[in-house]
Amino acid sequence: MRILVTGGAGFIGSNFILYWLKNHPEDEITNLDALTYAGNLANLKSVENQDNYTFVHGNICDRELVEKVTQNMDLIVHFAAESHVDRSILNPEVFLQTNVLGTFNLLEAAVKNKVAHFHHISTDEVFGSLPLETTEKFTLSTKYDPRSPYSASKASSDHLVRAYGETYGLSYTITNCSNNYGPFQFPEKLFGLAITNIIEDKKVPVYGDGLNVRDWLFVTDHCAAIEAVIKSAAHDKTYLVGGLKKDVSNLEIVRLILKLMGKSEAEIEFVQDRPGHDRRYSVDWSQINQDLGWQPTVTLEEGLQQTINWYQENRSWWQPLKDKTASFFAQNYKKKV
Ligand code: NAD
Ligand code: DAU
């Protein structure tokens, strides 16, 4: 099978390529990535010389290029996106360009070149925010209610994918997944930032009261979920993917990281809250479990320990990225008033 992966130099995309080539050496992967601040070819060093892996440096907004690289593809797995909520608040335009118009380009090219299947990687954030102190979960019938420029752009891309299925007969699947963590995550997201700040002897910033809840999934479990959906030959279907059975607040996550790294809670710094900060996410992943037998295999404690070990062993990977990101950190983080 010839697979076009978009955004394969990013966090989840690179984990997916490594996962797929290991488990499906008979397949060929072309990775189309613009190498934005979040893309890093070092993630793919171990496969870069393999005959069944090709890298194309380019933007999914470049229509001509996208038409060319989608020729003769059997499958598109679409990860490429601007992915950080805080950046979408400071600079929303690029989120609309990549996440909406870039996805539109890929869909157009997929139809034109008769690509057999399109798998779209999406997020649970399209469903908005759940209240604290409930057991309510996002389900397949939850209405879309995006509340940040990032989630609105991802919701838009989901609608476009479904519209191309209905209108042009494009075979598609969508996975809406919860928060991923693990190796190769850019050190601006909560886990990577907290762990690397601790290594650097800096405080760990917690937004607002720290009681916001996310549903965490180790990245290789997400890759396995995508694999299960692709292999099922399902079409025109959506699956929700999540990791936890009980709520864990950001503050509890940070406390756990500090404990595992032998530090005290004095390292926590409460900072100004994210505007429009979604309060709680919780994902009902029973459908993918029922239909395809998928379930998370890595517990939060195991995944956290693996992630901490990885950042401790790979300072040369993250330190330059963090140093280059200083101006974003300065703009984003404000003292609590
Ligand atoms: P990331 O920011 O780490 O990586 C994004 C990748 O896309 C980078 O390699 C970047 O260079 C590339 N890219 C960005 N704009 C591009 C463009 N215009 N053309 C080509 N390439 C471009 O993101 P991630 O965390 O790996 O997320 C991947 C996908 O998964 C995204 O679609 C995101 O919405 C979705 N998702 C992420 C999470 C999470 O917790 N990180 C959870 C659910 C869904
Ligand atoms: O839910 C899936 C989404 O998860 C993905 O679609 C996004 O691409 C991904 O970035 C992630 O979005 P979040 O905004 O939930 O992740 P982030 O790591 O930025 O924040 C997690 C929680 O931690 C959130 O409630 C905000 C809080 N936070 C985050 C940072 C970076 C802090 O308290 N302090 C911080 O410094």
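Shown above is the structure to which this text applies.
Since the model is a prediction, treat every value here as computed from it, not as a measurement.

Examining helix α4 (residues 93–112)
Counted at 1.5 Å a residue, the expected span for α4 with its 20 residues is 28 Å, and the 27 Å between its end C-alpha atoms agrees. Residue L101 marks the point of greatest curvature in α4, where the axis turns by about 25 degrees. Burial in α4 covers these residues: F95, T98, N99, V100, G102, T103, N105, L106, L107, A109 and A110. Elements that come into contact with the buried residues of α4 comprise β1 (2–6), α2 (63–69), β4 (75–78), α3 (85–90), β5 (117–123) and α5 (149–168). Two residues or fewer after α4 comes K114, characterised by a positive phi angle close to 50 degrees.

So, the nonpolar core
Counting residues in hydrophobic clusters, the biggest one holds 60 residues, and the most contacted among them are F16, V77 and I257. Non-local contacts of F16, meaning those with residues more than four positions away in its chain, are made with V5, V77, F79, C223, I226 and I230.

Examining the pairing of β1
The buried count for β1 comes to four of five residues, which makes it a mostly enclosed element. Where β1 and strand β2 (residues 28–33) come together, five bridges link them in parallel fashion. Within the sheet, the bridge partner assigned to V5 lies in β2 and is N31. Remark: the β1/helix α1 (residues 11–23)/β2 crossover connection has right-handed handedness.

Some words on the site of ligand 1
In the vicinity of ligand 1 there are 29 residues, among which D33, N59, S83, Y150 and K154 approach most closely. For ligand 1, an oxygen atom lies 3.0 Å from a polar atom in the backbone of T36. Here ligand 1 has 840 Å² of accessible area as a free molecule, and 96% of this is covered by the chains. When residues of the shell around ligand 1 are traced back to their parent elements, those giving at least two are α1, β5, α5 and β7 (179–181). No other element matches β5, which puts three residues into the shell around ligand 1. Residue composition of the shell around ligand 1, grouped by class: 13 nonpolar, 13 polar and three charged.

Regarding the site of ligand 2
Looking at ligand 2, there are 25 residues lining it, with D124, Y150, N179, R274 and H277 nearest. Here an oxygen atom of ligand 2 sits 2.8 Å away from a polar atom, N or O, in the main chain of L190. At 2.9 Å, a side-chain N or O of N250 approaches an oxygen atom of ligand 2. Alone, ligand 2 offers 680 Å² of accessible surface; in the complex the protein occludes 95% of this. Within the residue set of the shell around ligand 2, elements represented by two or more residues are α6 (190–199) and β8 (204–207). The biggest single contributor to the shell around ligand 2 is β8, with three residues. Among the residues forming the shell around ligand 2, the class breakdown is eleven nonpolar, eight polar and six charged.

Some details on the packing of aromatic side chains
Given two aromatic rings, their pairing is described by the distance between the two centres and the angle made by the two planes. All told, the structure shown has 20 aromatic pairs when counted by the stated rule. Judged by centre distance (5.3 Å) and plane angle (80 degrees), the rings of F127 and Y144 are edge-to-face. Taken together, the positions of F127 in the loop between β5 and α5 and Y144 in the loop between β5 and α5 put the pair 17 residues apart, joining distant regions of the chain. A relative accessible area of 23% places Y144 in the partly exposed class. Measuring from centroid to centroid gives 4.7 Å for Y164 and Y168, while their planes differ by 45 degrees, and the two rings are tilted. Taken together, the residues Y164 and Y168, both in helix α5 and four residues apart, mark about one turn of the helix. Looking at Y168, the relative accessible area reads 48%, which means it is partly exposed. Members of the aromatic cluster, each reached through a chain of ring pairs, are F127, F138, Y144 and Y281. Positioned above the aromatic ring of Y37 is the side chain of R87, whose terminal nitrogen or guanidinium carbon lies 3.6 Å from the ring centre. Across from the ring centre of Y281, 3.9 Å away, lies the NZ or CZ of R214, which sits over that ring.

Scoring rules and cut-offs
Residues numbered from 1 in each chain as written. Chains lettered and ligands numbered in written order. Predicted model: local features only at pLDDT ≥ 70, side-chain atom pairs only at ≥ 80, totals over all residues. Heavy atoms only, no water. Helix = DSSP H or I, 4+ residues; strand = E, 2+ residues; numbered from the N terminus. Expected span 1.5 Å × (residues − 1). Bend = angle between axes of the 7 residues up to and from the residue. Buried < 20%, exposed > 50% of the residue type's maximum accessible area, 1.4 Å probe, protein only. Contact = heavy atoms within 4.5 Å. Core = buried A, V, L, I, M, F, W, Y, C linked by side-chain atoms within 4.5 Å. Pairing = 2+ DSSP bridges. Right-handed = clockwise from strand over helix to strand, strands pointing away. Near = heavy atom within 4 Å. Polar contact = N/O pair within 3.5 Å; in protein donor to acceptor, adjacent residues only side chain to side chain. Areas by Shrake-Rupley, 256 points an atom, 1.4 Å probe, with all protein chains shown as cover. Nonpolar A, V, L, I, M, F, W, Y, C, P; charged D, E, K, R; others polar. Phe/Tyr/Trp six-rings, centres within 6.5 Å; stacked < 30°, edge-to-face > 60°. Lys NZ or Arg CZ within 6 Å of the ring centre and 35° of its normal.

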